[in-house]
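These are the residues of each chain, in order.
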Amino acid sequence: MIETGVSYFANGWLHHFERDLEDILAHNCTYIVHCFSENEMVFARQRTTQFFQKTRNAGLGCWANPWAVMGLFGGEQFSAFVPRNPDACQMLSTGQRAPAACPSAPETRAAMRLWLDMAIDFGADTIFWDEPHLYIPDWDDLHFAPDSAFACFCPRCRDSFQSRFGQPLPQAGPGQALSLQPEMRQHREDLMVDFLSEMIGYAHDKGAKNAITLLPVDDEANESLPWDRIADLRGLDIFGTDPYWFLHDKDCESFVHEQMKKTMAVCESRGLTPHFWAQGFGIPSGREDELETGFTVAVERGAQSIAVWGMHGNAAWDGASENPEKVWDVVGTTFGKLRNP
Ligand SMILES: [Zn+2]
């Protein structure tokens, strides 16, 4: 049977969560993707444990998402790690120190393992690796660096680049912008694949399942990651992408179809569960029914686990849908239909 999920964030009240649980069950969801940020790691351990336990007691799957943790994943959160570990941060092609950890640093890996220990000990059954990426300037609402900037030029990366390729990392002159050369692209891919390999294996060995969502971008895009190499990682169970057609200004059916085809090509030969996210935020009024189309096409093309980003049209955050209740209604009805065809 199709599994159906919803992300959860922006609430710390237990009594409110209990009501939300009823609401989530009534909307035919079978799992919750809890956004477990660095803030919760420090200030809300008990509350997180309660939320996770209540999720499981309600018979729902309990996924934990390292929400923007260390700036390495999707999400709208600041990092506590970054200002405390400046030497472990990514350096950009512009010479700026990025507000994101470099996966090559031992401190970054130790912090990620600490996050995993907490998430799994608190009760998560699945770790959700959401849009892992090196720093993307375009995503930074505070516009820290020009869009052309990319990582990583930290001393560790300089050393490993030199020993792998027998040449130093290129350096931009004053006022120059560097372009992403093939060797640098390879270095960036290896950096993320090696990091994810260690962390997914670690979570697997602790008894958790691993799900990953990679960005639905062209292979040539700076932020793209090698789907095949990541799908091969030991301990991975669920693999998918998030073709948000409203956000990318694409046609729903063709975008979902194209991305599901790519997803199935990766999943089928490896026995991975194909996963699909639809955008529940920023949906213009009158286009809510496209959600039913998107989910239905995804399931027809092979998705076995489908999820929506944000309950109630993501109205707890900026970027709400114009008619959030209508969005949530369509999600609930569609999930019900697809689970009981
Ligand atoms: Zn680095």
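All values derive from a computational prediction rather than experimental measurement.

Rules behind the numbers
- For every chain, the first residue of the written sequence is number 1, and numbering continues from 1 along that sequence.
- Whole-chain, interface and lining totals are the exception, using all residues; otherwise, since this is a predicted model, local features are given only for residues with pLDDT of at least 70 and side-chain atom pairs are given and counted only at 80 or more.
- Note on geometry: axes are lines fitted to C-alpha atoms, helical ones only across the stretch in contact, with angles between N-to-C directions running from 0 to 180 degrees.
- Counting from the N terminus, the helices are DSSP H or I runs at least four residues long and the strands are E runs at least two residues long.
- By the definition adopted for this analysis, an angle is roughly parallel if under 35 degrees, roughly antiparallel if over 145, roughly perpendicular if from 65 to 115, and oblique otherwise.
- Should the near helix be turned counterclockwise from the far one by less than a right angle, the crossing is left-handed, whereas a clockwise turn marks it as right-handed.
- By definition, residue pairs are in contact when their C-beta atoms, positioned from the backbone, come within 7 Å.
- Three classes are used, and their members are as follows: Ala, Val, Leu, Ile, Met, Phe, Trp, Tyr, Cys and Pro are nonpolar, Asp, Glu, Lys and Arg are charged, and the others, Gly among them, are polar.
- Residue count minus one, scaled by 1.5 Å, sets the expected span of a helix.
- We call a residue exposed when 12 or fewer other C-beta atoms sit within 10 Å of its C-beta, buried when the count reaches 20 or more, and partly exposed for counts in between; the C-beta positions come from the backbone.
- Whether two strands pair comes down to DSSP finding at least two bridges between them.

Thoughts on the packing of helix α9 (residues 252-267) against helix α10 (residues 290-300)
Argument step 1. Two elements in contact, α9 and α10, have axes whose closest approach is 9 Å; the angle formed by their N-to-C orientations is 25 degrees. As judged from the angle between their axes, α9 and α10 are roughly parallel. The way α9 lies across α10 gives a crossing that is right-handed. Of α10, the residues touching α9 (which contributes Cys252, Glu253, Val256, His257 and Met260) are Glu290, Thr293, Gly294, Val297 and Ala298.
Argument step 2. When its residues are assigned to classes, the contact of α9 with α10 shows five nonpolar, three polar and two charged.

Remarks on helix α5 (residues 106-122)
Argument step 1. Taking 1.5 Å per residue, 17 residues should reach 24 Å; α5 reaches 24 Å between its end C-alpha atoms and fits that length.
Argument step 2. Within two residues after α5, Gly123 carries a phi angle of roughly 130 degrees, on the positive side.

Regarding unusual backbone geometry
The general pattern is negative phi for most residues beyond glycine and trans for most peptide bonds.
Argument step 1. Look at the link from Ala151 to Cys152: it is a cis peptide, with omega at 10 degrees.
Argument step 2. If you trace the backbone, Cys152 turns up in the loop between β6 (126-130) and α6 (155-165).
Argument step 3. Residue Asn28 is not a glycine yet carries a positive backbone phi of 60 degrees.
Argument step 4. By the secondary structure assignment, Asn28 is in the loop between α1 (14-26) and β2 (31-35).
Argument step 5. Overall, the presence of 19 C-beta atoms within 10 Å leaves Asn28 in the partly exposed class.
Argument step 6. One non-glycine residue, Asn314, lies in the positive phi region at around 65 degrees.

Topic: the environment of Phe81
Argument step 1. Following the sequence through the fold, Phe81 ends up in helix α4 (residues 81-84).
Argument step 2. The spatial distance from the C-alpha of Phe81 to the C-alpha of Arg301 is 40 Å, given a sequence separation of 220 residues.

Observations concerning the environment of Gln259
Argument step 1. Here Gln259 lies in helix α9.
Argument step 2. Residues Gln259 and Val327, spaced 68 residues apart in sequence, show a C-alpha to C-alpha distance of 22 Å.

Concerning the sheet that holds strand β9 (residues 273-279)
Argument step 1. Strand order around the closed barrel formed by eight strands is β1-β2-β3-β6-β7-β8-β9-β10, with parallel pairing between neighbours. Sheet twist, expressed as the mean angle between neighbouring strand axes with direction ignored, is 25 degrees.
Argument step 2. The pairing of strand β1 (residues 3-8) with strand β10 (residues 305-309) spans four bridges and is parallel. The partner of Val6 across the bridge, within β10, is Val308.

With respect to the environment of Trp67
Argument step 1. Residue placement: Trp67 occurs in the loop between β3 (61-65) and α4.
Argument step 2. The exposure class assigned to Trp67 is buried, which follows from the 22 C-beta atoms found within 10 Å.
Argument step 3. Sequence spacing of Trp67 and Val330 is 263 residues, and the spatial spacing of their C-alpha atoms is 26 Å.
Argument step 4. Not counting chain neighbours up to four residues away, the residues in contact with Trp67 comprise Phe9, Cys35, Phe36, Ser37, Phe73, Gly75 and Gln77.

A look at the pairing of β3
Argument step 1. Of all the five residues making up β3, five are buried; the element is thus mostly covered by neighbouring parts of the structure.
Argument step 2. Taking every second residue as pointing to the same face, both faces of β3 are buried, with Gly61, Trp63 and Asn65 on one and Cys62 and Ala64 on the other.
Argument step 3. Bridging between β2 and β3 involves five bridges; their strand directions are parallel. Its bridge partner lying in β3, Cys35 is registered against Asn65.
Argument step 4. One ladder, built from two bridges, connects β3 with β6; its direction is parallel. For Trp63, the partnering residue across the bridge sits in β6 and is Thr126.

Structural notes on the packing of α1 against helix α3 (residues 45-57)
Argument step 1. It is at 11 Å that the axes of α1 and α3 come closest, and there the two elements cross at 20 degrees. Here α1 lies roughly parallel to α3, going by the angle between them. For the pair α1 and α3, the sense of crossing is right-handed. For the pair formed by α1 and α3, the contact residues are Leu14, Phe17, Glu18 and Leu21 on the first element and Arg47, Gln50, Phe51 and Lys54 on the second.
Argument step 2. For the contact of α1 with α3, the class distribution of residues is four nonpolar, one polar and three charged.

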